[in-house]
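Chains, contacts and geometry: an overview
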Amino acid sequence: MKISQLPQAAAVSNDDLLPIVQNGETKKVDRKTLVGDVPDDVSITDGKLQLTAKGEPVGVGVDLPAPTVDQTVTENSKNAVSGGAVKTYVDGKSDELKETFEKSITEEIIARKNADNSLQEKVTNAANAVKGTAKGDVLFIDDVSPIEQAMDITLSSKNMFNYGWDFKSIGSRITVEKEENAITFIWVSTDRPYFSLKDESHKSFNFKPNTTYTSKATVTLTELSGSETASDGAGSAALTLYLADNANFSSNLNPKIAIVNGYIKETNNGKRPGTYEITTTFTTPDDLSPYQYLNTRLANNTSVRYENIMICEGTEPQDYVPYADVSNVEVMRTGHDSSNPEAENVQTAISDENGIVKDLTSFYPEMSIAAKTPNIVLHCEYNKDLNKVIEQLTQAILSLGGNV
């Protein structure tokens, strides 16, 4: 494994154990052994030039030439370097030795600092790459590092379908009846009408690109007097709601996304009345910008009631809950410390019009995050604790019969 592939931490110490491979075996070596201390001083001891760090020798000293009669080592040599970097020199050779010593010291310090900075950069980059995510109604997080950090939080409604949208029909002969959790389209005619709702916010009804959703709806089809053929073939009826790129519904409309997709075959001598539970799974494309219309097409002389439409992320249908507006939602973060149960820190923030929460930070090793508005889903991204990541990886390897 390359060093660049190793998980890294935002901070390092000499006690850190780093994995290395030697003779085909993985070993743990303390960081100080792998990356020595950076020299910060030099001394002359026992006839050797010795680099030191915090008073301790670093590496092997360099032998100095033995002084001649006119080269006496003293503590007060006339050309000693100011500032204490080199305190003693050999008289008669002080300028030459000073230049050599300073050059050697500078090169050694630069080399060691570069090596240390390179390792630290890899540590920081890898630590930033260890991202944690959490999603749900209420989040509980206990693996943040560092303890205090900004968190990226985005809100979404648990139900993506909003009965509060301003439903309007194209054509004066379609009646639209709205209820708190249902909408009914009524058409009495022999031609084939359609209904279209435009998303004036140009947010594609808040659906996310490249995301799988599942819808669940109770749909009631009622035949009105004088019913002739249906919209999708004699004796059948399509109970569908589409996301589309224009207002003119057509069975060949392209592109379109069926968010409720039911098809009723001929029953009871061409009569198709009844109530149906319809479940539909669909995936949105990468580019949702063209999908600004919600369309349906009605069978002749029918009314169609769409009740309890529930559209949620994932492939599992869920029971209906009302749509929740994600703007101006108060979100509360409560910090906990398991070693001090009485300690608690609470912070609140308000989401913007797009459901993005700013200025919320972690504070304690353990914390919970929740929105004060019901039916809201929180999406949180944060930096994870590297030690816990390594522990989880280790346990996973061991559980598979490996060794570390």
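Residues numbered from 1 in each chain as written. Predicted model: local features only at pLDDT ≥ 70, side-chain atom pairs only at ≥ 80, totals over all residues. Heavy atoms only, no water.

1. Thoughts on the overall build of the chain
Along its length, the chain carries three helices and 25 strands. Put simply, the chain has 404 residues, and 38% of those count as buried. A total accessible area of about 22,500 Å² is found for the chain, and carbon and sulfur atoms account for 48% of it. (Helix = DSSP H or I, 4+ residues; strand = E, 2+ residues; numbered from the N terminus. Buried < 20%, exposed > 50% of the residue type's maximum accessible area, 1.4 Å probe, protein only. Areas by Shrake-Rupley, 256 points an atom, 1.4 Å probe, with all protein chains shown as cover.)

2. Describing the pairing of strand E12 (residues 174–178)
Regular strands place their side chains on alternate faces of the sheet. Here five bridges tie E12 to strand E13 (residues 182–187), and the two strands are oriented antiparallel to one another. Bridge pairing in E13 places Glu177 opposite Thr184. What sits between E12 and E13 in their antiparallel hairpin is a turn of three residues. (Pairing = 2+ DSSP bridges.)

3. So, the pattern of salt bridges
For the structure shown, the criterion picks out seven salt bridges. When the shortest N-O distance is used, the salt bridge between Asp137 and Lys158 registers 2.6 Å. One end of the pair, Asp137, is in the loop between strand E9 (131–136) and strand E10 (138–141); the other, Lys158, is in the loop between strand E11 (152–157) and E12, with 21 residues separating them in the sequence. Overall, the relative accessible area of 38% leaves Asp137 in the partly exposed class. Residue Asp319 is joined to Lys216 by a salt bridge in which the shortest nitrogen-to-oxygen separation is 2.9 Å. (Salt bridge = Lys/Arg side-chain N within 4 Å of Asp/Glu carboxyl O.)

4. Some words on unusual backbone geometry
Although it is not a glycine, Asn308 adopts a positive phi angle of roughly 50°. With respect to the element layout, Asn308 can be found in strand E20 (residues 302–313). For Asn308, a relative accessible area of 25% gives the class partly exposed. Even without glycine at this site, Asn328 takes up a positive phi of about 55°. Mapped onto the elements of the fold, Asn328 is located in the loop between E20 and strand E21 (330–336). Under the relative-accessibility criterion, Asn328 is labelled exposed at 64%.

5. So, the layout of surface pockets
Rolled over the atoms, a probe sized like a water molecule indicates the empty space that remains. In this model, the second largest pocket occupies a volume close to 690 Å³. Forming the boundary of the second largest pocket are 26 residues, of which Lys203, Phe205, Asn206, Tyr323 and Val326 lie nearest the centre. The set of elements that each furnish at least two residues to the lining of the second largest pocket consists of E11 and strand E14 (194–198). For the lining of the second largest pocket, the per-class residue count stands at nine nonpolar, eight polar and nine charged. (1 Å grid on protein atoms, 1.4 Å probe; cavity = no way out; pocket = protein on both sides within 12 Å on 5 of 7 lines; lining within 4 Å. Points joined across faces, edges and corners; volume = space filled by probe spheres on them. Nonpolar A, V, L, I, M, F, W, Y, C, P; charged D, E, K, R; others polar.)

6. What about the sheet that holds E9?
Read across the open sheet, the four strands follow the order E9-E25-E11-E23; overall the sheet is antiparallel. Strands at the two margins of the open sheet, each flanked by one partner only, are E9 and strand E23 (356–357). Taken together, the six bridges between E9 and strand E25 (residues 376–383) define a ladder with antiparallel strand orientation. In the strand pairing of E25, Gly136 is matched with Leu378.

7. Some remarks on the sheet that holds strand E22 (residues 344–350)
Strand order in the open sheet formed by four strands is E10-E24-E21-E22, and the pairing between neighbours is antiparallel. Both edges of this open sheet fall to E10 and E22, since each of them pairs with a single strand only. The mean inter-strand angle of the sheet, taken between neighbouring strand axes irrespective of direction, is 15°. Bridge count for E21 against E22 is seven bridges, and the pairing is antiparallel. (Axes fitted to C-alpha atoms, helices over the stretch in contact; angles between N-to-C directions.)

The analysis is restricted to geometry; functional conclusions fall outside its scope.
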